[in-house]
Amino acid sequence: MLVPIVSNKHQDFSYPRKVIVAGSTGSIGKSTLEIIKNNPEKFELFAISAHSNLALLEQQIVEHSPKYAVVTDAGAQNQFKSKHTEILSGMQELCSLCTEGIVDTVVAGIVGIAGLTPVLAALKANKRVALANKESLVAGGVLVREIIESGSGEIIPVDSEHSAIFQCLQGENVENLKSIILTASGGPFLGKSLDELGSVTSEMAIAHPNWSMGAKISVDSATMMNKALEVIEARWLYNLPEEQIEVLIHPESIVHSLVNFYDGSQIAQLSVPDMKGAIAYALSYPNGRLREVVTELSLARIGSLNFESVDHQRFPALGLARRCLKAGAATSAVFNIANELAVDAFLKGTIGFLDIVPVVEEALTICDVQEYRTLDELLALNEDVRTVLKERLFRKE
Ligand code: NDP
Ligand code: MG
């Protein structure tokens, strides 16, 4: 049975909304700041956070004057001088800002499992989370759903496919939903032979043909791991069994996803590929769309849109995701960490492009893990798996 992800119990939806942008120096973070800056009557920037890009954080502090800025490393805290912005350090500080009464929305734009704790902190404090960080659902889906179902915290998806589904379901009775169809561009190597894929470099993998994104998700797109993670993300967001989550290759990235109803109708959401559309939708929901967020789509200019089914031999990652969903939540956590380690190793040149998915598959075989019940158990599981995989699969690093 599909349970809506939006609880809408106690939220005050009036503008202006106070927003935290976790991961403000990333691709999602920068787009979010642009939307906030363009809509000063609707959004106020309460806090931003960065990890390694302190020069950009400094610029963002000057340009946007948030009340707080959080850096990961305590040693970096003192190098900022700002009259308007208080500089804090560490994940704990970011998490406590996420629970402040004044905050309405937390944009989860941190990459990887590092983004999980602020997501959980914000949801526990009954905040709205505009969720880009899919890894937190892939690894911690059980915990996220438990919090949402027991409180009035809510997620509005930012990942473009999940946002599209969310948009297509507005006003629909979920009982009529037969399946959801996630579109996938196929990444930069869709037409390449397996031989050609063997010599793919990190620079080639990061250059996505349609979307401009951070390094990890770009590599994930090229291996189709991104779609695999998104199938698991959709399972937790929409509470659907994996058989009701389909994937369709659509190289142009114009149709962001579709919903498929029992009456034979499908509804899709279309726009030019620009994450600002999904971010703005999540920030403004349910008060109506913002104006002129992305360039208007011209289907006449595009002329034709293409679709094809997934070739599972070329893209075995999707099969692995389905295997994880059948096995249980802890297996998805292993899948997520193994992929984070594999992408990192590929970006450092330690493993080849074609090694990424087999390494993740091997990790699923090596790591026999217990189901987690709490955040501490999940974090311990993460660390254990990381240690085992570094020893067994990434020893050359
Ligand atoms: P980027 O790599 O561009 O940005 C990541 C952000 O996270 C940066 O602000 C980075 O800080 C911060 N960060 C990295 N590691 C840590 C850490 N250990 N602790 C705290 N902060 C950290 O990623 P994207 O913006 O591309 O992606 C962000 C998330 O959104 C990912 O989960 C991705 O899958 C998802 N997403 C992204 C899309 C896109 O178009 N980019 C589309 C859909 C989903 P710093 O730069 O200072 O090191
Ligand atoms: Mg996506």
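Each remark here, short or long, concerns the structure printed above.
Quick summary incoming for the structure in this document.

Before going further, it helps to examine the sheet that holds strand S4 (residues 86–89). Hydrogen bonds along the backbone pair up the strands of a sheet, which may run parallel or antiparallel. Strand order in the open sheet formed by seven strands is S4-S3-S2-S1-S5-S6-S7, and the pairing between neighbours is parallel. Two strands close off the open sheet at either side, each with one partner strand: S4 and strand S7 (154–157). The mean inter-strand angle of the sheet, taken between neighbouring strand axes irrespective of direction, is 20 degrees. Summarising the sheet, strand S3 (residues 68–71) and S4 pair through four bridges and their orientation is parallel. For Ala69, the partnering residue across the bridge sits in S4 and is Ile87.

Side-chain pairs of opposite charge can arise whenever the charged atoms involved come near each other. According to the stated counting rule, one finds 19 salt bridges in the structure shown. Here Glu242 and Arg322 are joined by a salt bridge, their closest N and O atoms 2.7 Å apart. Placement of the pair is Glu242 in the loop between helix H10 (225–238) and strand S9 (245–249) and Arg322 in helix H13 (residues 317–327), with a sequence separation of 80 residues. The exposure class assigned to Glu242 is buried, which follows from its relative accessible area of 9%.

A few words now on the coordination of the magnesium ion (ligand 2). Protein coordination at the magnesium ion (ligand 2) comes from Asp159 (OD), Glu161 (OE) and Glu230 (OE), with a distance range of 2.0 to 2.2 Å. Read from N- to C-terminus, the donor residues coordinating the magnesium ion (ligand 2) fall into the pattern D-x1-E-x68-E. Highlighted residues: Asp159 in the loop between S7 and helix H6 (160–168) and Glu230 in helix H10, separated in sequence by 71 residues. With respect to burial, Asp159 and Glu230 carry one shared label: buried.

Our next topic: helix H4 (residues 116–124). Within H4, seven of the nine residues are buried, which leaves the element mostly enclosed by the surrounding structure. Among the residues of H4, those classed as buried are Leu116, Pro118, Val119, Leu120, Ala121, Ala122 and Leu123. Next to the buried residues of H4 lie helix H3 (91–98), strand S5 (105–108), strand S6 (128–131), helix H5 (134–150), S7 and helix H16 (375–392). Positive phi appears at Asn126, one or two residues downstream of H4, with a value of about 65 degrees.

This brings us to the pairing of strand S8 (residues 177–184). The side chains of a regular strand alternate between both faces of the sheet. Of all the eight residues making up S8, seven are buried; the element is thus mostly covered by neighbouring parts of the structure. Two elements, S8 and strand S10 (residues 255–261), share five bridges in a ladder whose sense is antiparallel. Directly across from Leu177, in S10, lies its bridge partner Phe261. Looking at chain direction, S8 and S9 are connected through five bridges and run parallel. Bridge assignment links Ile181 to a residue of S9, and that residue is Glu246.

The space that makes up the second largest pocket amounts to roughly 380 Å³. Looking at the second largest pocket, it is lined by 22 residues, and the ones nearest its centre are Ser271, Gly277, Arg289, Val293 and Val294. Looking at the lining of the second largest pocket, the elements with two or more residues in it are H6, strand S11 (266–270) and helix H11 (276–284). Ranked by the residues each element gives to the lining of the second largest pocket, the list is headed by H11, at five residues.

So, about the site of ligand 1. Around ligand 1, a shell composed of 24 residues is seen, among which Thr25, Ser52, Asn53, Glu135 and Gly214 lie nearest. Interatomic distance of 3.1 Å between a backbone N/O atom of Gly26 and an oxygen atom of ligand 1. At 2.9 Å, a backbone N or O of His51 approaches an oxygen atom of ligand 1. Compared with its free state, where it exposes 900 Å², ligand 1 has 87% of that area covered by protein. Residues belonging to the shell around ligand 1 are distributed by class as follows: nine nonpolar, 12 polar and three charged.

Here we come to the packing of aromatic side chains. In this description, an aromatic ring pair is defined by two values, namely the gap between the centres and the angle between the planes. All chains considered together, the criterion is met by seven aromatic pairs. When the ring of Phe189 is compared with that of Phe353, the centres are 5.2 Å apart and the planes differ by 80 degrees; the resulting orientation is edge-to-face. Within this pair, whereas Phe189 is found in the loop between S8 and helix H7 (194–197), its partner Phe353 is found in the loop between helix H14 (329–347) and helix H15 (356–366), the two being separated by 164 residues in sequence. Its relative accessible area of 4% is what places Phe189 among the buried residues.

The rules behind each value
Residues numbered from 1 in each chain as written. Chains lettered and ligands numbered in written order. Predicted model: local features only at pLDDT ≥ 70, side-chain atom pairs only at ≥ 80, totals over all residues. Heavy atoms only, no water. Pairing = 2+ DSSP bridges. Helix = DSSP H or I, 4+ residues; strand = E, 2+ residues; numbered from the N terminus. Axes fitted to C-alpha atoms, helices over the stretch in contact; angles between N-to-C directions. Salt bridge = Lys/Arg side-chain N within 4 Å of Asp/Glu carboxyl O. Buried < 20%, exposed > 50% of the residue type's maximum accessible area, 1.4 Å probe, protein only. Donors = N, O, S within 2.8 Å, 3.2 Å for Na, K, Ca; no water. Contact = heavy atoms within 4.5 Å. 1 Å grid on protein atoms, 1.4 Å probe; cavity = no way out; pocket = protein on both sides within 12 Å on 5 of 7 lines; lining within 4 Å. Points joined across faces, edges and corners; volume = space filled by probe spheres on them. Near = heavy atom within 4 Å. Polar contact = N/O pair within 3.5 Å; in protein donor to acceptor, adjacent residues only side chain to side chain. Areas by Shrake-Rupley, 256 points an atom, 1.4 Å probe, with all protein chains shown as cover. Nonpolar A, V, L, I, M, F, W, Y, C, P; charged D, E, K, R; others polar. Phe/Tyr/Trp six-rings, centres within 6.5 Å; stacked < 30°, edge-to-face > 60°.

So, to be careful, I would describe these as geometric facts and stop short of saying anything about function.
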